[in-house]
Structures are given as C-alpha cells and as structure tokens.
Amino acid sequence: QVQLVESGGGLVQAGGSLRLSCAASGGTFSSYTMGWFRQAPGKEREFVAGVSRCGGHTYYADSVKGRFTISRDNARNTAYLQMNSLKPEDTAVYYCAATPWGQTARYWGQGTQVTVSS
C-alpha cells in the first residue's frame, strides 16, 4: 500500500546534526500517521518520534526531547527527522514508519544507519 524510502543517515561526531528524510509513495500520504523508530545493536526497536496526519501534533521519546524534531511536508509526500546535539547513544538504525488512517498495521522503510562518534 505504501512504500517508504529513507535517506540522510551517516557518520557524525558527537554534538553534530543530521536530517533524515522519508519519501513515501502509494496511497494517500496525508492520511498516514508518520513516525521514526530506531534499533541499536543488541537492543529492541524503540519509538523515537511521531507526527499526526496534518502535522499539528508531534510526539517524542524522552531520550530525544529538545534535540530531535519531526516534521512532514504533505505536498512533497515526505517526513523528516532533524537530529541535533547528537550523542553516541543515538547510534542506531533508524526506521521510518507509516500507519494509514483507520488501520493498526504499520509499514516500514528499509532503515538507515546513523553512527555518532565520541
């Protein structure tokens, strides 16, 4: 139904910034709740941030509040995660996710590696 393609990951030093992008195709982008999750080696996947369909509501894990910002541009069918003040503990594979309106299923992107060096 929806396909998600991520970009923007890479290697950055502690204190630096990255912006992840998630381009969606298929379905109606504006009907999807969008989110970002991450999974570090040896750990379970965890919620990072979410944004409502119209972009008016955002949600963040406590670990990233004040440092990360999720946003979306419905005209471009793209969601973003701006990551500032990065820490080594932010190192993980970051996944974009979409949940269509009226569904509980979650669709995933392929993941993109973010590595923060000390």
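Here, the structure is the one placed above.
Residues numbered from 1 in each chain as written. Predicted model: local features only at pLDDT ≥ 70, side-chain atom pairs only at ≥ 80, totals over all residues. Heavy atoms only, no water.

### A word on the overall build of the protein
Let me state the cut-off plainly: Here a helix means four or more residues in a row that DSSP labels H or I, a strand means two or more in a row labelled E, and each is numbered from the N terminus. Throughout this description, buried means an accessible area under 20% of the type-specific maximum (1.4 Å probe, protein chains only), exposed means over 50%, and partly exposed covers the range between. In what follows, residue pairs with any heavy atoms lying within 4.5 Å of each other are defined as contacts. Each accessible area value is a Shrake-Rupley result obtained with a 1.4 Å probe; residue values ignore everything except the protein chains displayed when judging cover.
On a plain count of helices and strands, the protein comes out with zero helices and eleven strands. Ordered by position in the sequence, the α and β elements of the protein form the string β-β-β-β-β-β-β-β-β-β-β. The principal-axis extent of the C-alpha atoms belonging to the protein is close to 40 × 25 × 25 Å. Out of the 118 residues in the protein, the part that is buried amounts to 42%. Summarising the internal contacts of the protein: among those between residues at least 6 apart in sequence, 54% fall at separations of at least 24. Counting every atom, the protein has about 6,100 Å² of accessible surface; 48% of that belongs to carbon and sulfur.

### So, the nonpolar core
Convention followed: We call a set of buried residues a nonpolar core when its members are Ala, Val, Leu, Ile, Met, Phe, Trp, Tyr or Cys and they connect through side-chain atoms within 4.5 Å of each other.
Ranked by internal contacts, the top residues of the largest apolar core, which has 29 residues, are M34, W36, L81, M83 and Y94. Residue assignment for this core shows that the elements contributing at least two residues are β3 (18–25), β4 (32–39), β5 (46–51), β7 (68–73), β8 (78–83), β9 (92–100) and β11 (112–117). Ignoring any residue separated from it by four or fewer positions in sequence, one finds M34 in contact with L4, C22, F29, A49, G50, V51, I70, R72, A79, C96, A97 and A98.

### Quick word on the state of the cysteines
Here is the rule: We call a pair of cysteine sulfur atoms a disulfide whenever their separation is within 2.5 Å.
Applying the stated criterion across every chain, the model contains one disulfide. Residue C22 pairs covalently with C96 via a disulfide, S to S 2.0 Å. Taking the sign of the S-S torsion, -80° for the link of C22 and C96, the bridge is left-handed. With C22 in strand β3 and C96 in strand β9, this residue pair connects regions lying 74 residues apart in the sequence.

### Topic: the packing of aromatic side chains
Using the following cut-off: Two rings from Phe, Tyr or Trp (for Trp, the six-membered ring) form a pair when their centres sit within 6.5 Å of each other. Planes less than 30 degrees apart are called stacked, planes more than 60 degrees apart edge-to-face, and all others tilted.
The final tally for this structure, using the stated rule, is four aromatic pairs. Judged by centre distance (5.0 Å) and plane angle (70°), the rings of F37 and W108 are edge-to-face. With F37 in strand β4 and W108 in strand β10 (residues 107–108), this residue pair connects regions lying 71 residues apart in the sequence. The exposure class of F37 is buried, given its relative accessible area of 11%. In this structure W108 comes out as partly exposed when scored by relative accessible area, which is 34%.

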